[in-house]
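Descriptive analysis of the structure
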Amino acid sequence: MKFFQKEIRLEAYPRGFHLITSKIINVIPELEEIRIGQLQVFIKHTSASLTINENADPTVRLDFESHINKMVPENQSYYKHTYEGPDDMPAHIKASLMGASVQIPITDGKLNIGIWQGIYLCEHRNNASGRLLVLTAFGN
């Protein structure tokens, strides 16, 4: 079994949901060495998250942002953790709801995702810096 691991820094993205599939594929060419395996993508932050969803129509990403903001609104009087502004605690809640990692099958050296699927960076902060990802690919 082969194991490959890389840590990468994504550039800063504005708040919202952003396709990062091609960025991930481009930085881990070792995927081509794996016939059957898995890729885990983990984000090392508590105010951004990862998910897999629609990769074709950008309005899906806009709708995600709109809906999650209604689910977890800013400026709630019961938030205590507001040290970094009104998006601080909501960003942490959104990150926990969406998740810190995704796992994708690798088949014949390529990610085995659906034709309409892509990996999203879910940026929940108004003024975030670059985000760190750990990519771990393993298999035969």
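Please read all numbers here as calculations on a predicted model, not as lab measurements.

Turning to helix H2 (residues 58–71), a few remarks are in order. With 14 residues, H2 extends 20 Å from end C-alpha to end C-alpha; this agrees with the ideal 20 Å at 1.5 Å per step. Burial in H2 covers these residues: Arg61, Glu65 and Ile68. One face of H2 carries all of its buried residues, which in axial projection span an arc of 80 degrees. Away from the buried face of H2 by more than 90 degrees, exposed residues Leu62, Asp63 and Lys70 are located.

Another aspect to go through is the nonpolar core. Ile20, Ile24, Leu39, Val41, Leu133, Leu135 and Ala137 are the most contacted members of the largest nonpolar core, which has 23 residues in total. Broken down by secondary-structure element, the contributors of at least two residues to this core are strand E1 (2–10), strand E3 (36–43), strand E4 (48–54), strand E5 (101–107), strand E7 (117–123) and strand E8 (131–139). Apart from residues lying up to four places away in sequence, Ile24 is in contact with Leu39, Val41, Ile119, Leu133 and Leu135.

Attention shifts here to unusual backbone geometry. In this structure, Asn75 is a non-glycine residue whose phi angle is positive, near 60 degrees. The residue Asn75 is located in the loop between H2 and helix H3 (88–98) in this model. Assessed through its relative accessible area of 62%, Asn75 is described here as exposed. At Asp108, a position not held by glycine, the phi torsion is positive, near 50 degrees.

This brings us to the side chain of His92. Take His92: it is sitting in helix H3. There is a polar contact of 3.4 Å between the side chain of His92 and the side chain of His81. Ignoring anything within four residues of it in the chain, the contact list for His92 reads Thr46, Ser47 and His81.

Before going further, it helps to spend a moment on the sheet that holds strand E2 (residues 16–19). Taken together, the 3 strands give an open sheet; going across it, the order is E2-E7-E4, and neighbouring strands pair in antiparallel fashion. One side of each edge strand has no neighbouring strand; the edge strands of this open sheet are E2 and E4. Neighbour-to-neighbour, the strand axes of the sheet open up by a mean angle of 35 degrees, direction not taken into account. Across 7 bridges, the pairing between E4 and E7 is antiparallel. Bridge assignment links Thr51 to a residue of E7, and that residue is Tyr120. The strands touched by H2 are E2, E4 and E7; relative to E2, the strand with the most contacts, the crossing angle is about 150 degrees.

What follows concerns the pattern of salt bridges. Any two side chains of opposite charge can pair, given that their charged atoms come close. The final tally for this structure, using the stated rule, is 10 salt bridges. Between Glu30 and Lys6 there is a salt bridge, with its nearest N and O atoms 3.4 Å apart. Of the two residues, Glu30 sits in the loop between helix H1 (21–27) and E3 while Lys6 sits in strand E1, which places them 24 residues apart along the sequence. Overall, Glu30 belongs to the buried group, its relative accessible area being 18%. Residue classification places Lys6 among the partly exposed residues on the basis of a relative accessible area of 27%. A salt bridge links Lys44 to Glu7; the shortest N-O distance between them is 3.2 Å. Placement of Lys44 in the loop between E3 and E4 and of Glu7 in strand E1 is noted, with a sequence separation of 37 residues between them.

Each value, and the rule that gives it
- Residues numbered from 1 in each chain as written.
- Predicted model: local features only at pLDDT ≥ 70, side-chain atom pairs only at ≥ 80, totals over all residues.
- Heavy atoms only, no water.
- Helix = DSSP H or I, 4+ residues; strand = E, 2+ residues; numbered from the N terminus.
- Expected span 1.5 Å × (residues − 1).
- Buried < 20%, exposed > 50% of the residue type's maximum accessible area, 1.4 Å probe, protein only.
- Arc of directions from axis to C-beta.
- Core = buried A, V, L, I, M, F, W, Y, C linked by side-chain atoms within 4.5 Å.
- Contact = heavy atoms within 4.5 Å.
- Polar contact = N/O pair within 3.5 Å; in protein donor to acceptor, adjacent residues only side chain to side chain.
- Pairing = 2+ DSSP bridges.
- Axes fitted to C-alpha atoms, helices over the stretch in contact; angles between N-to-C directions.
- Salt bridge = Lys/Arg side-chain N within 4 Å of Asp/Glu carboxyl O.

The analysis is restricted to geometry; functional conclusions fall outside its scope.
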